[in-house]
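The primary structure of each chain is shown beneath.
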Amino acid sequence: MPADTIIADLLTELHQLIKQTQEERSRSEHNLLNIQKTHERMQTENKTSPYYRTKLRGLYTTARADAEAECSILRHALDKIAEIKSLLEERRIAAKMAGVNSDNDPPRKTMRRGVLMTLLQQSAMTLPLWIGKPGDSPPPLCGAMPASSDYVAKQGDKVAARVKAVDGDEQWILAEVVSYSHSTNKYEVDDIDEEGKERHTLSRRRIIPLPQWKANPETDPEALFSKDQLVLALYPQTTCFYRALIHTHPHRPQDDYSVLFEDTSYADGYSPPLNVAQRYVVACKENKKK
């Protein structure tokens with residue numbers, strides 16, 4: 001079945017799930033209103049009778065069931081969104097590879113800098129939030145959680161890659177995985193900045209996978225970098241990662257990190273606090289210089 005048809009079917013299913021969510025929410029709001037009114041009557045009468053206790057027990061049981069039903073539908077909807085995003089990414093990669101392998105097509109125009117920065121910002125905003133069930137621990141690549149030791153980034157994944165610059169120095173850049181060879185344990189990655197349009201062959205130790213989920217500070221604070229921790233962070237309006245210290249971590253799921261970049265032009269060796277999205281902050285493999 002063509003990818004466009006599958007995506008259209010998934011969007012239809014997603015629309016139905018959203019409608020079901022609204023129906024569940026309307027039903028639960030009616031029950032919550034009954035709970036509120038019951039408490040108000042109890043306060044007015046200034047007593048807690050067996051009748052009110054029994055009624056509230058039933059109302060709260062219904063409220064919990066309503067919440068669980070809505071949660072189930074929302075998780076199903078999130079699964080559909082993940083499927084759609086995966087299919088769109090596969091289609092993008094296929095189109096990119098077809099363009100690379102075709103000698104008959106005219107050269108593709110380089111993406112303008114402003115457009116690239118906007119896309120990177122959108123990618124950070126749409127990174128899914130990890131929402132585990134009660135008792136679940138954040139998985140690898142959720143926020144600050146590292147990848148498993150045998151993890152291999154997939155084609156199209158964004159990574160931090162350590163490459164040699166034109167002047168011979170090494171730097172960490174934002175790159176996209178082209179392929180991975182299990183025989184050589186090396187990646188082929190493309191510089192995300194199309195102005196350079198470079199492809200690099202790198203060992204696994206020169207690759208750091210980016211987070212695949214944002215961590216929720218309210219439920220999974222252990223999946224966030226701590227204050228003063230040394231990290232690599234994408235410098236704002238660039239495609240390069242630099243060493244930085246965590247100044248403050250996100251307080252809400254949609255918040256960014258505030259980081260202090262190493263900068264010798266300042267007296268204390270660090271820049272003023274700058275905001276960097278969770279997607280673009282990773283653990284630093286290098287030891288801090290003394």
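Every residue gets a number counted from 1 within its own chain, in the order that chain's sequence is written. Predicted model: local features are reported for residues with pLDDT of at least 70 only, side-chain atom pairs are reported and counted for 80 or more only, and whole-chain, interface and lining totals are derived from all residues. Hydrogens and water molecules were not included; the side-chain quantities draw on all heavy atoms of the structure.

Section: the packing of aromatic side chains
- When two rings of Phe, Tyr or Trp (its six-membered ring) have centres within 6.5 Å they constitute a pair, described as stacked for plane angles under 30 degrees, edge-to-face for angles over 60, and tilted for the intermediate range. Evaluation of the coordinates by the stated rule reveals 6 aromatic pairs.
- Ring centres of Tyr 51 and Tyr 52 lie 5.3 Å apart, and the angle between their planes is 55°; this geometry places the pair in the tilted category.
- Relative accessibility decides the category of a residue: with a 1.4 Å probe and only protein chains considered, values under 20% of the type maximum give buried, values over 50% give exposed, and everything between is partly exposed. Relative accessible area serves as the criterion here: at 52%, Tyr 51 is assigned to the exposed category.
- Geometrically, the ring pair formed by Trp 130 and Trp 213 is edge-to-face, given 5.9 Å between the ring centres and 70° between the ring planes. Of the two residues, Trp 130 is situated in the loop between helix H3 (113-125) and strand S1 (158-164) and Trp 213 in the loop between strand S5 (207-209) and strand S6 (230-234); the sequence distance between them amounts to 83 residues.
- One aromatic cluster in this structure is built from Tyr 235, Tyr 242 and Phe 261. Put simply, DSSP H or I for four residues or longer makes a helix, DSSP E for two residues or longer makes a strand, and each gets a number counted from the N terminus.

Some thoughts on the pattern of salt bridges
- Salt bridges are defined by distance alone: a side-chain nitrogen of Lys or Arg within 4 Å of a carboxyl oxygen of Asp or Glu. Evaluation of the coordinates by the stated rule reveals 14 salt bridges.
- Between Glu 176 and Lys 158 there is a salt bridge, with the nearest N and O atoms lying 3.1 Å from each other. One end of the pair, Glu 176, is in strand S2 (residues 170-181); the other, Lys 158, is in strand S1, and 18 residues separate them in sequence.
- Among the residues examined, Lys 158 registers a relative accessible area of 21% and is labelled partly exposed.
- For the salt bridge of Glu 170 with Arg 162, the shortest nitrogen-to-oxygen distance reads 2.9 Å.
- Residue Arg 162 is classed as partly exposed on the basis of its relative accessible area, which comes to 26%.
- The structure contains a network of salt bridges with shared partners spanning Glu 89, Arg 92, Lys 158 and Glu 176.

Thoughts on the pairing of S6
- Most of S6 sits out of view: 5 of its 5 residues are buried.
- One bridge is not enough; two strands pair if DSSP finds at least two bridges between them. Sheet analysis places S6 next to strand S7 (residues 240-248), joined by 5 bridges and oriented antiparallel. By the bridge assignment, Leu 234 is partnered in S7 with Phe 241.
- In textbook terms, the turn of a hairpin is the stretch between consecutive antiparallel strands, and for S6 and S7 this stretch comprises 5 residues, one of which, Gln 237, has a positive phi near 65°.

Some thoughts on the UniProt feature "coiled-coil region" (unreviewed entry) in the protein chain
- UniProt positions are given in the numbering used here, feature names are shortened, and annotations may be inferred rather than shown by experiment. The UniProt feature table records "coiled-coil region" (unreviewed entry) at residues 11-38.
- The distance from the first to the last C-alpha atom of residues 11-38 is 41 Å, and the span holds 100% helix and 0% strand.

Thoughts on unusual backbone geometry
- Although it is not a glycine, Asp 228 sits at a positive phi angle of roughly 70°.
- Among the secondary structure elements, Asp 228 is positioned in the loop between S5 and S6.
- Even without a glycine there, the phi angle at Gln 237 is positive, about 65°.
- The topology assignment puts Gln 237 in the loop between S6 and S7.
- Judged by its relative accessible area of 60%, Gln 237 falls in the exposed class.

Focus: the nonpolar core
- Core analysis: the biggest nonpolar cluster contains 37 residues, and Leu 174, Phe 241, Val 259, Tyr 280 and Val 281 have the highest contact counts within it.
- Looking at this core, the elements with two or more residues in it are H3, S2, S6, S7, strand S8 (257-261) and strand S10 (281-283).
- If you tally residues by element for this core, the top one is S6, at 5 residues.
- Contact between two residues is taken to exist if any of their heavy atoms lie within 4.5 Å; hydrogens are not considered. In this structure Phe 241 touches Ala 160, Trp 172, Ile 173, Leu 174, Leu 210, Leu 232, Ala 233, Leu 234 and Tyr 280, once residues within four positions along its chain are discounted. As used in this record, nonpolar core signifies buried Ala, Val, Leu, Ile, Met, Phe, Trp, Tyr and Cys residues forming a set joined through side-chain atoms within 4.5 Å.

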